[in-house]
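A closer look at the structure
Residue-level listing of the chains:
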Amino acid sequence: VWTTIEPKDGMFSTGGAIALDGNNAIASGVHWDNGQILAILRRYDLSGSWIGTGDGWTMKHTDWTNRDELKTANLSVNALAVDSERNIVAVGTAYIAGEPRMYVARFNSGAGLIWEVLGMVGTEARGVGVLPDGSAYVTGAVRVKKGPDVWDMATWVYSADKVAYGPDIFKDPLDVPPFKR
């Protein structure tokens, strides 16, 4: 049993999700860095180490993303899953120009980005599960009204090779305009 504390004492950081990968633990969190919220993925070995180990690594979203708009965006990873081939699926929410957008990414076990998806404005991803074939089921929300915001639960499915199915948007039968809550 081990405990680890972020080495940047005094700098805002927090954990978000964890998934097990054989003998390793994959964790997500955020760092606040010069006004930007950076999503962090980190793999710990059995001793709780990620620095200077063969199994441990850490990466921030500005290093892994291939999307220019995410280089300066705020991103948090809210959920993680590891598939049967040890690929990591991370989901969360990016804020670009003040608007939330669902984010889904698949990495190999060494943190190499395989693919990423940035959802439409007004979407959020909050949970993920994977099937043995690598399909990722993502749950979150879709904003259906602004000012005040009204959100409905939504589910998306992505195959291991990024083919999208969905979203399946749940609309509460009691949500009839004017969207009273």
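Refer to the structure presented above.
My aim in this report is to walk through the structure given alongside it, one point at a time.

Rules and cut-offs
Chains are numbered independently. Their residues run from 1 in the order of the written sequence. Confidence filtering applies because this is a predicted model: local features only for residues at pLDDT of at least 70, side-chain atom pairs given and counted only at 80 or more, and all residues used for totals across whole chains, interfaces and linings. Working from all heavy atoms in the structure, the side-chain values ignore hydrogens and water. Think of it this way: any DSSP run of H or I at least four residues long counts as a helix, any run of E at least two long counts as a strand, and we number them from the N terminus. With a 1.4 Å probe rolled over the protein chains alone, any residue whose accessible area is under 20% of its type maximum counts as buried; one over 50% counts as exposed, and the rest are partly exposed. Contact definition: two residues touch when any of their heavy atoms are within 4.5 Å. For accessible areas, the Shrake-Rupley method is used with a probe of radius 1.4 Å. Any residue's cover is judged against the shown protein chains and nothing else. For two strands to pair, DSSP has to find at least two bridges joining them. For every element, the axis is a line fit to its C-alpha atoms; helices are fit only across the contacting stretch, and the angle between N-to-C directions ranges from 0 to 180 degrees. By definition here, a salt bridge exists when the distance from a side-chain nitrogen of Lys or Arg to a carboxyl oxygen of Asp or Glu is within 4 Å. Two N or O atoms form a polar contact when they lie within 3.5 Å of each other; inside protein one atom must be a possible hydrogen donor and the other a possible acceptor, and for residues adjacent in sequence the pair counts only when both atoms belong to side chains. As used in this record, nonpolar core signifies buried Ala, Val, Leu, Ile, Met, Phe, Trp, Tyr and Cys residues forming a set joined through side-chain atoms within 4.5 Å. Working definition: rings of Phe, Tyr and Trp (its six-membered ring) pair if their centres are within 6.5 Å, and the pair is stacked with planes under 30 degrees apart, edge-to-face with planes over 60 apart, and tilted otherwise.

Concerning the overall build of the protein chain
- Within the protein chain, the regular secondary structure consists of two helices and twelve strands.
- Counting only residues that meet the buried cut, the protein chain has 46% of its 181 residues in that class.
- Within the protein chain, contacts between residues at least 6 apart in sequence are counted, and of these 37% link residues at least 24 apart.
- Carbon and sulfur atoms make up 55% of the accessible area of the protein chain, which totals about 9,500 Å².

Examining the sheet that holds strand β5 (residues 74-82)
- Strand order in the open sheet formed by four strands is β5-β6-β7-β8, with antiparallel pairing between adjacent strands. Two strands lie at the open edges of the sheet, namely β5 and β8 (113-121), each paired on one side alone. Put simply, the sheet's adjacent strands are angled 20° from each other on average, direction ignored.
- Pairing between β5 and strand β6 (residues 88-96): eight bridges, direction antiparallel. Looking at β6, one finds that Ala 81 is bridged to Val 89.

Some thoughts on the pattern of salt bridges
- Counted according to the given criterion, the structure contains eight salt bridges.
- Put simply, Glu 99, Arg 143, Lys 146 and Asp 149 are held in one network by salt bridges that share partners.

Some remarks on the side chain of Arg 143
- With respect to the helices and strands, Arg 143 occurs in strand β10 (residues 136-145).
- Only 2.6 Å separates the side chain of Arg 143 from the side chain of Glu 99, close enough to count as a polar contact.
- Those residues in contact with Arg 143 that sit more than four places away from it in its chain are Glu 99, Pro 100, Val 121, Gly 122, Asp 149, Val 150 and Trp 151.

Overview of the nonpolar core
- Ranked by internal contacts, the top residues of the largest apolar core, which has 21 residues, are Leu 41, Trp 64, Leu 70, Leu 80, Tyr 103 and Phe 107.
- Of all the secondary structure elements, the ones that give two or more residues to this core are β1 (13-21), β3 (36-44), β5, β6 and β7 (99-107).
- The dominant element in this core, judged by the number of residues it contributes, is β6, at four residues.
- Leave out the neighbours within four places in its chain, and Leu 70 touches Gln 36, His 61, Thr 62, Thr 65, Ala 94, Ile 96, Tyr 103, Glu 116 and Leu 118.
- Ranked by size, the runner-up nonpolar core spans 16 residues in total, among them Ala 125, Val 128, Ala 136 and Ala 154.

A closer look at the environment of Trp 32
- Structurally, Trp 32 can be placed in strand β2 (residues 24-33).
- Measuring from C-alpha to C-alpha, the distance between Trp 32 and Asn 74 comes to 9.3 Å, with 42 residues separating the pair along the chain.

Topic: the sheet that holds β3
- The antiparallel open sheet is built from four strands, whose spatial order is β1-β2-β3-β4. This sheet does not close on itself; its edge strands, each paired only once, are β1 and β4 (57-60). Taking the axes of each pair of neighbouring strands and ignoring which way they run, one obtains an average angle of 20° across the sheet.
- Note: β2 against β3, nine bridges, orientation antiparallel. If you follow Ile 26 over to β3, its bridge partner there is Arg 43.

Structural notes on the packing of aromatic side chains
- Within this structure, the stated rule accounts for two aromatic pairs.
- Seen in terms of ring centroids, Trp 115 and Tyr 158 are 5.9 Å apart; in terms of plane orientation they differ by 40°. Their pairing is tilted. With Trp 115 in strand β8 and Tyr 158 in strand β11 (residues 150-158), the pair connects residues that are 43 residues apart, well separated along the chain.
- According to the relative accessible area criterion, Trp 115 is buried, its value standing at 6%.
- Looking at Tyr 158, the relative accessible area reads 5%, which means it is buried.

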